[in-house]
Amino acid sequence: MIFQDPLTALSPYYTIGRQIGETYSKHTGASKKEARDRAVEMLTRVGIPQPSLRVDDYPHQFSGGMRQRAMIAMSLVCDPDLLIADEPTTALDVTVQAQILDLLKDLQQELGTAIIMITHDLGVIARTAHDVMVMYAGRAVERGTVREVLKAPQHPYTWGLLSSMPSLGGPLDVPLRPVRGTPPSLINMPKGCPFNPRCDHQEQVLGGKCSTERPLLAPATGHATACHLTLDRQQDIFINQIQPRLG
Ligand code: SF4
């Protein structure tokens, strides 16, 4: 797993090499020397200059971008099948962000490791992901390919996320529209659809189901939403009300 802030995720008391090597020797039984060699190899792989010297540095001697590279080296040291990256670029400036995303993409292709990227940044999703699951109040509300979810979103919460983001190609005279209200408390969830106190479209669902019945995401694969709106209604609202705002 790659954590959000490498400075707090890495121990300040141990060298970078020891932290990478420890993970490796715990899982493989490698000797100290083998673990150190592996740490140097991983630092080389993630683009740290002079890896055989920097392996003995402490985290505070690395820049923010280098620390995140070291975290990535640590997370990949045992060749995992799956990597979970929790907001891996939030603590970094945009230039370093782009470098780290490119590095993750290259390593994913080189090593064949699947990556689950947890992020609030739709730009990161557009740049890196194949498939997207939009979460609201701890539950999945929309699922599909990047193209489906970003180009033809179907869930009112996804519409809200996209409408609250500035777009370079969008109309200049249309103000951004944040999702109104605040997220619900997870120990006191609203009845019915968790998004209903913030949704502008529930009156278009027959029978008041939005406040009584929780919509579920279809278990099958493919583009799907957890919403009581019919697919025709979703498409109609998106084309006539949401898309003109997004440009
Ligand atoms: S189920 Fe109802 S309240 Fe929930 S997102 Fe759909 S329309 Fe809005």
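Residues numbered from 1 in each chain as written. Predicted model: local features only at pLDDT ≥ 70, side-chain atom pairs only at ≥ 80, totals over all residues. Heavy atoms only, no water.

## Considering the domain arrangement of the protein
A common way to state how big an interface is: give the accessible area lost once the parts meet. Taken domain by domain, the protein holds domain 1 (6-128) and domain 2 (155-246). Here domain 1 and domain 2 have C-alpha centroids that lie 36 Å from each other. (Domains from an automatic or database assignment.)

## Some thoughts on the pairing of strand S4 (residues 139-145)
In terms of strand pairing, strand S3 (residues 131-136) meets S4 through six bridges, oriented antiparallel. Across the sheet, the residue bridging to Val134 is Glu142, located in S4. Hairpin connection between S3 and S4: a loop of two residues separates the two successive antiparallel strands, and Ala137 in this loop has a positive phi of roughly 50°. Sheet topology places S4 next to strand S5 (residues 224-225); two bridges connect them, and they run antiparallel. The residue bridging Arg143 from the neighbouring strand is Ala224, located in S5. (Pairing = 2+ DSSP bridges. Helix = DSSP H or I, 4+ residues; strand = E, 2+ residues; numbered from the N terminus.)

## So, the environment of Ala226
Among the secondary structure elements, Ala226 is positioned in the loop between S5 and helix H10 (231-246). Accessibility expressed as a relative area gives 5% for Ala226, which makes it buried. Put simply, Ala226 and Arg143 are 83 residues apart on the chain and 9.1 Å apart in space, counted from C-alpha to C-alpha. Aside from chain neighbours lying at most four places away, what touches Ala226 is Ala140, Val141, His155, Pro215, Leu216 and Leu217. (Buried < 20%, exposed > 50% of the residue type's maximum accessible area, 1.4 Å probe, protein only. Contact = heavy atoms within 4.5 Å.)

## Quick word on the side chain of His155
With respect to the helices, strands and loops of the structure, His155 is situated in the loop between helix H8 (146-151) and helix H9 (156-163). Among the polar contacts listed, one links the side chain of His155 to the backbone nitrogen of Tyr157, at a separation of 2.9 Å. Residues contacting His155, with those up to four places away along its chain left out, are Val141, Glu142, Phe195, Thr225, Ala226 and Cys227. (Polar contact = N/O pair within 3.5 Å; in protein donor to acceptor, adjacent residues only side chain to side chain.)

## Quick notes on the sheet that holds S4
Read across the sheet, three strands follow the order S3-S4-S5 without closing on themselves; strand pairing throughout is antiparallel. The open sheet has two edge strands, S3 and S5, and neither has a second partner. The strands touched by H9 within the sheet are S3 and S4, with S3 carrying the most contacts at an inclination of about 100°. (Axes fitted to C-alpha atoms, helices over the stretch in contact; angles between N-to-C directions.)

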